[in-house]
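Geometric and topological summary
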Amino acid sequence: MVRMLLVGPPGAGKGTQAVLLSEAFGIPAISTGDIFRANVRDETPLGVEAKSFMDRGEYVPDSLTNALVADRLSHADCERGFLLDGYPRTLDQVRALDEVLAAQGNHLDIVVELTADPEIVIERIRLRANSQGRTDDTDDVLRNRLSVYTRETAPLIDVYGGRGILVSVDGIGAIDDVTGRIMESMSAHGFSA
Ligand code: ADP
């Protein structure tokens, strides 16, 4: 049973690790990016609204994102823990998540920061752009996503560090090695799969 989140710059490997960790811990992986992309694909009202922000590498407004996650966390499969991938990304989202969890008498257990050098991230995303065709993986949009990350999301690292629930893990290396590092850091905090 663990309530955790993964944070890190675009291309750090959050999505890949989220799937592996969710299987290992038996908890749902909730990726706001995936949820938004599914809505864009299905042309839902949320998708239509989100698309213009995503295509520019900007964040979808907090009001929309917070409501989406609050709803998702109310589903029964989150009762025994969850892994959030790509949320929260702003201080306002941190507050919103704290409130949702506090209303349930819960709190976050651990925050895993995946670190990655920007040059490596850019290279990884160039490769991914070829295979996945994400419309926000072009060089210009990616550079904007990296700068939005530094401005809006990097401050969250200090917030969770101050709470004593942050672990930082090197996201560079083979996928399984990174998973192993995350598991080790988590088990040092008392969370084992
Ligand atoms: P990456 O981590 O590579 O940027 P994601 O799939 O997590 O990829 O996110 C893709 C896009 O979806 C973001 O650039 C943003 O527009 C939107 N998005 C995802 N999560 C959030 C969030 N928590 N708040 C606002 N926008 C978000």
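Up top you'll find the structure we're talking about.
Summarised in this report is the structure supplied together with it. As the structure is a computational prediction, the values presented were derived from the model and not from experiment.

On to the pattern of salt bridges. Tallied over the entire structure, the rule returns 13 salt bridges. Arg72 is paired through a salt bridge with Asp77; the nearest N and O atoms lie 2.7 Å apart. Residue classification places Arg72 among the buried residues on the basis of a relative accessible area of 18%. For Asp77, a relative accessible area of 39% translates into the label partly exposed. Members of the salt-bridge network, linked through shared partners, are Arg128, Arg134, Asp136, Asp137 and Arg145.

This paragraph deals with the site of the ligand. The full set close to the ligand counts 19 residues, and Thr32, Glu58, Gly86, Arg89 and Arg145 are the nearest of them. Val60 places a main-chain nitrogen or oxygen 3.0 Å from a nitrogen atom of the ligand. Here the element with the most residues in the shell around the ligand is helix H2 (residues 32–41); it accounts for four residues. Looking at side-chain class alone, the shell around the ligand contains six nonpolar, five polar and eight charged residues.

Take the nonpolar core next. Counting 24 residues, the largest nonpolar core has Val2, Met4, Val112, Ile182 and Met186 as its most contacted members. For this core, the secondary structure elements donating two or more residues are strand E1 (2–7), helix H1 (14–25), strand E4 (110–115), helix H6 (118–132), helix H7 (139–162), strand E5 (166–170) and helix H8 (175–188). With residues near it in sequence (within four places) discarded, Val112 still touches Met4, Leu5, Leu6, Val7, Val167, Val169, Ile182 and Met186. If you look at the next biggest cluster of nonpolar residues, it comprises 22 residues, including Leu5, Ile30, Tyr87 and Ala96.

This paragraph deals with H6. Compared with an ideal rise of 1.5 Å per residue, which puts 15 residues at 21 Å, H6 spans 20 Å between its outermost C-alpha atoms and is within 8% of the ideal. For H6, the set of buried residues is Val121, Ile122 and Ile125. All buried residues of H6 project into a common sector of 95° when viewed along the axis, lining one side. Opposite the buried face of H6, by more than 90 degrees, sit the exposed residues Glu119, Leu127, Asn130 and Ser131. In this fold, the buried residues of H6 make contact with H7. One or two positions beyond H6, positive phi appears at Gly133, with a value near 65°.

Of note, Asp92 is situated in helix H5 (residues 91–103). Judged by its relative accessible area of 30%, Asp92 falls in the partly exposed class. Residues Asp92 and Glu152, 60 residues apart in the sequence, show an inter-C-alpha distance of 10.0 Å. If near-sequence neighbours (up to four positions away) are discounted, Asp92 is found in contact with Asp62 and Asn66.

Let us now look at unusual backbone geometry. Geometrically, the link from Tyr87 to Pro88 is a cis peptide bond, its omega value of -5° lying close to zero. Tracing the backbone shows Pro88 in the loop between strand E3 (81–85) and H5. The phi dihedral of Glu43 is positive, around 55°, even though this residue is not glycine.

Criteria and cut-off values
Residues numbered from 1 in each chain as written. Predicted model: local features only at pLDDT ≥ 70, side-chain atom pairs only at ≥ 80, totals over all residues. Heavy atoms only, no water. Salt bridge = Lys/Arg side-chain N within 4 Å of Asp/Glu carboxyl O. Buried < 20%, exposed > 50% of the residue type's maximum accessible area, 1.4 Å probe, protein only. Near = heavy atom within 4 Å. Polar contact = N/O pair within 3.5 Å; in protein donor to acceptor, adjacent residues only side chain to side chain. Helix = DSSP H or I, 4+ residues; strand = E, 2+ residues; numbered from the N terminus. Nonpolar A, V, L, I, M, F, W, Y, C, P; charged D, E, K, R; others polar. Core = buried A, V, L, I, M, F, W, Y, C linked by side-chain atoms within 4.5 Å. Contact = heavy atoms within 4.5 Å. Expected span 1.5 Å × (residues − 1). Arc of directions from axis to C-beta.

Nothing here speaks to function; it is all geometry.
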